[in-house]
Every structure is written in C-alpha cells, then in structure tokens.
Amino acid sequence: MPLEQLPDIARDLLARGAVLVAAIAGLWLLRAVVVWLLTRPLLSLAARAGMPQMGGRLRDIVSAPVQLAFIGLAILVIGIVLELDSGGALLFSRLARPFFIIAVALALYRVLEIAGFSHARLYALTGISVDEALLPFVRVGLQFIVIAFAVVIIVQEWGYDVSALVAGLGLGGLAFSLAASDT
C-alpha cells in the first residue's frame, strides 16, 4: 500500500515513530561522543600522573552516569515527540528527572570510591585530623551521604514531603555522633 493511501493518523504515527527512532539513535551516538570527550582529558591526566592503569576506572566513572543521563534525556524526547497533554508531559518529566539525579549521585559515589584519602589531604581540606585506620569509614560515610541525598531528592521530586525523613536522618546522625564521642 503506497504511503499516500494511508489515513492521516497512520501517516502521523509513522512520522512520529521515524522521528522517535532517529532521535534515540542520535542520542545514543551523542552519548558515545560525550563519554569519549569527557574521558579523553581524564585519561591523559592519569597518564601524566603516572597512573595509566586508572584509565578503566576513570572511564567507568564517566560512562555509567552519562548513560543514565542520556536515558533520562531519551525519556524527555519521547514525551516531546508524543506531544502529550500536560498530565502526560508531567509524567515523562517525573520519570526522566530521577535518571539525572542518579547520574550525578553515581558519579559522586564513584569519585569517592577511587578518591585517595590520606590523613594529610583530609586535614588540608577540612582541618580535621583523622586516624589513618578510620579513613575507609570516612569514605563509606561520605558515600552513604551521597546515597541518602539522592534518595531524598528523588522522593521530593515525586512530590512527597521529605521533612520527616530529613529530620529522622538528622536525629540518626546525632545519635551516631554521640555514640562515637568519648565519654
């Protein structure tokens, strides 16, 4: 059946489908370019620092968050191409935002994972003197804070009141700090 004989609605659906496939393919290619552009300076920096073995880990830090961000962008593009009403557009927007938040949180989490904390560096940054044996706990604590913030922000993005959750986290932190202090 020739394209001219199709009803208008079918032609419109085919055109939107073609635009959607082209947009997602373009986003997939753009994702690969962005990962390459972001990892290239990091790889050269690692090579100059005498740590070329860090290249794979640096690529991992960048690639997964960029992929999540582009999934969120693809969801937004799908919502735009489908030309939904305000409720549908809000749904697609709310579906896409957590991907961006998780992408940022994952990047921070992975940076903290490979960050080389030392007693001297932590003291220079914060002015706090921490024993070397506690540094892994500091890293895990910072990673937990990143996860907690991401969860709170995502829950808030979905329209829930997070004030009780934040207050509970504050009380939990207070209890933890009192338990860790000297008597």
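Residues numbered from 1 in each chain as written. Predicted model: local features only at pLDDT ≥ 70, side-chain atom pairs only at ≥ 80, totals over all residues. Heavy atoms only, no water.

Here we look at the overall build of the protein
Along the protein, the regular secondary structure elements total six helices and zero strands. Listing each helix as α and each strand as β along the protein from the N terminus yields α-α-α-α-α-α. Within the protein, buried positions represent 23% of all 183 residues. Looking at the protein alone, contacts between residues at least 24 apart form 63% of all its contacts between residues at least 6 apart. (Helix = DSSP H or I, 4+ residues; strand = E, 2+ residues; numbered from the N terminus. Buried < 20%, exposed > 50% of the residue type's maximum accessible area, 1.4 Å probe, protein only. Contact = heavy atoms within 4.5 Å.)

Some thoughts on helix α1 (residues 8-48)
The end-to-end C-alpha distance of α1, which contains 41 residues, comes to 60 Å, matching closely the 60 Å that a straight helix rising 1.5 Å per residue would cover. The largest bend in α1 amounts to roughly 25° and is located at T39, with the proline P41 lying one to four residues further along. Within α1 the residues assigned to the buried category are L20, L27, R31, V35, T39 and A46. (Expected span 1.5 Å × (residues − 1). Bend = angle between axes of the 7 residues up to and from the residue.)

Overview of the environment of Q53
Counting through the fold element by element, Q53 comes out in the loop between α1 and α2 (55-81). Assessed through its relative accessible area of 58%, Q53 is described here as exposed. Spatially, the C-alpha atom of Q53 lies 9.5 Å from that of L43, the residues being 10 residues apart in sequence.

Some words on the confidence of the model for the protein
Low-pLDDT stretches of the model should not have their predicted coordinates read in fine detail. The pLDDT averaged across the protein works out to 79; a share of 87% of its residues lies at or above 70. Between the elements of the protein, mean pLDDT differs from a low of 69, seen in helix α4 (residues 119-126), to a high of 87, seen in helix α3 (residues 86-114). (pLDDT = per-residue confidence, 0-100.)

A closer look at the nonpolar core
Among the nonpolar cores identified, the biggest contains nine residues, and these are L20, L27, V35, V62, V66, F70, A74, V77 and V81. Every element with two or more residues in this core is listed here: α1 and α2. The biggest single contributor to this core is α2, with six residues. For L20, the contacting residues outside a window of four places in its chain are I78 and V81. With six residues, the next largest nonpolar core counts I101, A105, L112 and I154 among its residues. (Core = buried A, V, L, I, M, F, W, Y, C linked by side-chain atoms within 4.5 Å.)

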